[in-house]
Amino acid sequence: MKKKRPNFLLIMADQMRADCLGKVNPAIKTPALDRLASEGMLCNRVYPTTPVCLPCRASVLTGQYPSTHGATHNHTSLPENYAPTLPGLLREAGYYTHMIGKSHFSYCWDPAGPEGHPFIHNYKYYNAWRGPWFGFEHADLSIGHSIEPHASGMHYGAWLAKQGVDIPKYFATMENWDAEQYLSYGPWDLPEKYHSSAWVAETAIDSITKSTERDQPFFLWMNFPDPHNPCRVPEPWASMY
């Protein structure tokens, strides 16, 4: 009998501190993550290649230091044809690969870039396109955080529009955005079911279901934009701590 290959679920929460896990800090309530830590592996001495967002993500994707892959800071971009990448190698080995949530492999303030404004708000494009993306076969992408103008773009923004969400009511625009909002935190009146965390989770659950129906091993990279600032969240989560 042929041995089944393992599935890989990589979860990244942007700027989540190491002590914000119930398994290591009883003041924090994270039952689902605690279960994953108990049934899987909990590593408490892991160090990133860099503390900066884009180059760190590019290093996870490629297995290379920023000095090698070349995306050394947030104003650089990893070439879309960069190879090899982890999902690219797994695809060659027969895995279904899916990138979900925040990507940030390219400079997000480049107006001509694939993760920059205004391109990311072309919902017609994102409703029709689902990859490939940096070695991933399938992509459901977002960029930005909570109320930021960028946060209502890419696949997440297209999904919000399909749900009939009044996007300008909950998200800033490039015209009314200012630097002080970037540091804001607290309650957000966006209904919880439309929050990016809910979208990432539901998209991943649907992807895993479809993967098992195909009897194909998967590599899913779930990227939650939170709790990166601006950290605006619906109740009761905003008042929990």
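What you see is a predicted model, and the numbers here were worked out from it, not measured in a lab.

Asks: Explanation requested: the pattern of salt bridges in the structure shown.
Replies: Proximity of charged atoms lets side chains of opposite charge pair with each other. All chains considered together, the criterion is met by six salt bridges. When the shortest N-O distance is used, the salt bridge between Glu-39 and Arg-35 registers 3.0 Å. Taken together, the residues span about one helical turn, with Glu-39 and Arg-35 both in helix H1 (residues 31–39) at a distance of four residues. Lys-210 is the salt-bridge partner of Asp-206, the closest N and O atoms lying 3.2 Å from each other. Here Lys-210 and Asp-206 lie together in helix H8 (residues 196–213), a separation of four residues that amounts to about one turn. Looking at Lys-210, the relative accessible area reads 44%, which means it is partly exposed. Because the salt bridges share partners, they merge into one network encompassing Asp-14, Arg-57 and Lys-102.

Asks: Just to check I follow, could you spell out helix H2 (residues 53–62) for this structure?
Replies: Along an α-helix, a turn takes 3.6 residues, which lines up residues three or four apart on a common side. The buried fraction of H2 amounts to nine of the ten residues, a majority that puts the element mostly inside the structure. Among all positions in H2, only Cys-53, Leu-54, Pro-55, Cys-56, Arg-57, Ala-58, Ser-59, Leu-61 and Thr-62 are buried. Close packing links the buried residues of H2 with strand E1 (8–14), helix H3 (66–69), helix H4 (86–92), strand E2 (96–102) and strand E5 (218–227). A positive phi of about 75° marks Gly-63, the residue just after H2.

Asks: Could you clarify how one ought to interpret the environment of Leu-33 in this entry?
Replies: The topology assignment puts Leu-33 in helix H1. When the C-alpha atoms of Leu-33 and Asn-176 are compared, they prove to be 37 Å apart, with 143 residues separating the residues in sequence. Excluding anything up to four places from it in sequence, Leu-33 contacts Met-16 and Leu-21.

Asks: I would appreciate a short explanation of the pairing of E5 in the present structure.
Replies: Looking along a regular strand, one sees side chains alternate from face to face of the sheet. Across the ten residues that make up E5, a large majority, nine, are buried. Two elements, E1 and E5, share seven bridges in a ladder whose sense is parallel. Looking at E5, one finds that Ile-11 is bridged to Met-222.

Asks: What should I look at first to understand the nonpolar core in this one?
Replies: Side chains of a nonpolar character, in soluble globular proteins, are inclined to be buried together. Among the nonpolar cores identified, the biggest contains 48 residues, and Trp-133, Phe-171, Leu-190 and Trp-221 are the most heavily contacted of them. Per element, the largest residue contribution to this core is six residues, and it comes from E5.

Asks: Quick question: what am I supposed to make of the pairing of E2 here?
Replies: With seven of its seven residues buried, E2 lies for the most part within the structure. As defined by bridge partners, E2 adjoins E5 across six bridges and the pair is classed as parallel. In the strand pairing of E5, Tyr-96 is matched with Phe-218. Across five bridges, E2 lies against strand E3 (residues 138–142) in parallel orientation. From the neighbouring strand, Ile-100 faces E3, where its bridge partner is Asp-140.

Asks: Whenever I open this one, the packing of aromatic side chains confuses me. Can you help?
Replies: Ring pairs (aromatic) are described by centroid distance and by the angle formed between their planes. For the structure shown, the criterion picks out 17 aromatic pairs. Taken together, a centroid distance of 5.3 Å and an interplanar angle of 45° make the contact between Tyr-156 and Trp-199 tilted. Residue Tyr-156 is found in helix H6 (residues 154–162), and its partner Trp-199 is found in helix H8; the two are separated by 43 residues along the sequence. Classification of Tyr-156 by relative accessible area gives buried; the value is 2%. Feature note: the residues Phe-105, Phe-119, Tyr-125, Tyr-126, Trp-129, Trp-133, Phe-134, Phe-136, Phe-219 and Trp-221 constitute an aromatic cluster, connected by ring pairs. The cationic tip of Arg-214 hangs over the ring face of Tyr-96; the distance from NZ or CZ to the ring centre is 4.0 Å.

Asks: I tried to follow unusual backbone geometry on my own but got confused; where do I start?
Replies: Look at the link from Gly-131 to Pro-132: it is a cis peptide, with omega at 10°. Looking at the secondary structure, you find Pro-132 in the loop between helix H5 (123–128) and E3. The omega torsion across Glu-235 and Pro-236 is 10°, close enough to zero to call that bond cis. Relative to the assigned elements, Pro-236 resides in the segment after strand E6 (231–233). With phi around 60°, His-104 is a residue other than glycine that occupies positive phi space. The residue His-104 is located in the loop between E2 and H5 in this model. Its relative accessible area of 6% is what places His-104 among the buried residues. Even without being a glycine, Met-154 presents a positive backbone phi close to 55°. For Met-154, the location among the structural elements is in helix H6. Residue classification places Met-154 among the buried positions, given a relative accessible area of 0%.

Calculation notes
Residues numbered from 1 in each chain as written. Predicted model: local features only at pLDDT ≥ 70, side-chain atom pairs only at ≥ 80, totals over all residues. Heavy atoms only, no water. Salt bridge = Lys/Arg side-chain N within 4 Å of Asp/Glu carboxyl O. Helix = DSSP H or I, 4+ residues; strand = E, 2+ residues; numbered from the N terminus. Buried < 20%, exposed > 50% of the residue type's maximum accessible area, 1.4 Å probe, protein only. Contact = heavy atoms within 4.5 Å. Pairing = 2+ DSSP bridges. Core = buried A, V, L, I, M, F, W, Y, C linked by side-chain atoms within 4.5 Å. Phe/Tyr/Trp six-rings, centres within 6.5 Å; stacked < 30°, edge-to-face > 60°. Lys NZ or Arg CZ within 6 Å of the ring centre and 35° of its normal.

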